[in-house]
Amino acid sequence: MLEPFDDSYYMKKALQEAEAAYEKGEVPIGAVIVIEDRIIARAHNLTEQLNDVTAHAEMQAITAAANFLGGKYLQNCTLYVTLEPCQMCAGALYWSQISRIVYGAKDEQRGCGVMGTKLHPKTKILGGVLEQEASALIKRFFIQKRNLN
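Residues numbered from 1 in each chain as written. Predicted model: local features only at pLDDT ≥ 70, side-chain atom pairs only at ≥ 80, totals over all residues. Heavy atoms only, no water.

The chain goes by tRNA-specific adenosine deaminase in an unreviewed UniProt entry, where it is assigned to Zobellia galactanivorans. Among the UniProt annotations of the chain, the heading Catalytic activity (unreviewed entry) holds the following wording: "adenosine(34) in tRNA + H2O + H(+) = inosine(34) in tRNA + NH4(+)". Annotation of the chain in UniProt includes, under Subunit (unreviewed entry), the sentence "Homodimer." (UniProt positions renumbered as here; feature names shortened; annotations may be inferred.)

**Student:** Looking at this model, I keep getting lost on the pairing of strand S1 (residues 30-35). Mind explaining?
**Tutor:** Counting buried positions along S1 yields 6 of 6 residues, so the element is predominantly enclosed. Direction of pairing for S1 relative to strand S2 (residues 38-44): antiparallel, over a ladder of 6 bridges. Residue pairing across strands places Val34 opposite Ile39, the latter belonging to S2. The turn linking S1 back onto S2 is made up of 2 residues, and Glu36 within it adopts a positive phi angle of 45°. By the bridge criterion, 5 bridges tie S1 to strand S3 (residues 77-83) in an arrangement that is antiparallel. Residue pairing across strands places Ala31 opposite Val81, the latter belonging to S3. (Buried < 20%, exposed > 50% of the residue type's maximum accessible area, 1.4 Å probe, protein only. Helix = DSSP H or I, 4+ residues; strand = E, 2+ residues; numbered from the N terminus. Pairing = 2+ DSSP bridges.)

**Student:** Explain the UniProt feature "active site" (unreviewed entry) in the chain to me, please; I cannot follow it from the model alone.
**Tutor:** On the UniProt side, "active site" (unreviewed entry) is annotated at positions that read Glu58 here. Considering the arrangement of structural elements, one finds Glu58 in helix H3 (residues 57-69). Beyond its immediate sequence surroundings of up to four residues, Glu58 is in contact with Ala31, Leu79, Val81, Leu83, Pro85, Cys86 and Cys89. (Contact = heavy atoms within 4.5 Å.)

**Student:** For this particular structure, what's the right way to read the packing of helix H1 (residues 7-23) against helix H6 (residues 131-148)?
**Tutor:** Packed helices, taken two at a time, are described by the angle between their axes plus the distance between the axes. Taken N-terminus to C-terminus, the directions of H1 and H6 make an angle of 5°; their axes are 11 Å apart at the nearest point. Taken together, the axes of H1 and H6 are roughly parallel relative to one another. Counting all contacts with H1, which are made through Leu15, Ala18, Glu19 and Tyr22, the residues of H6 involved are Glu133, Ala134, Leu137, Arg140, Phe141 and Gln144. Each residue belonging to the contact of H1 with H6 can be placed in one class, and the counts come to 6 nonpolar, 1 polar and 3 charged. (Axes fitted to C-alpha atoms, helices over the stretch in contact; angles between N-to-C directions. Parallel < 35°, antiparallel > 145°, perpendicular 65-115°, else oblique. Nonpolar A, V, L, I, M, F, W, Y, C, P; charged D, E, K, R; others polar.)

**Student:** Could you clarify how one ought to interpret the nonpolar core in this entry?
**Tutor:** A general feature of soluble globular proteins is that nonpolar side chains tend to end up buried together. Core analysis: the largest hydrophobic core is formed by 36 residues, its most contacted members being Met11, Ile33, Leu74, Cys77, Leu79, Tyr80 and Ile98. Of all the elements in the fold, those that place two or more residues in this core are H1, S1, S2, H3, S3, helix H4 (87-96), strand S4 (100-105) and H6. With near-sequence residues (within four places) excluded, Cys77 lies in contact with Ile33, Val34, Ile35, Ile40, Leu69, Ile98, Ser99 and Arg100. (Core = buried A, V, L, I, M, F, W, Y, C linked by side-chain atoms within 4.5 Å.)

Here you go:
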């Protein structure tokens, strides 16, 4: 059994959020934000449901965590997200001063690493946690979407 403080434990929670997005017909990306071994925000993509291109899982999680903490900075927090953040989300994460980002699958086309987006100098980033699970969910979603069209 996985224990809290284990990156895989929290990434599984983010994958549960991604599954919720999948069930709603959203691109299946999920996120959780953790501080001191406590999940303070859970989110998933809502771009279709809200008709809002900015309603990415990370953006939803940043807002929820900031509301929980009562401030705009997410210092001492870790974001677990199933896909490498895009340029927009990385920019928001920069301004939030989040301490750590852990992602599952790499986004070879739009990920912040590919795009050369800078994160806050104090932010640490780790990729590849439960990468196969996160990648498989996204691939399954797009295969299904292509077969329906």
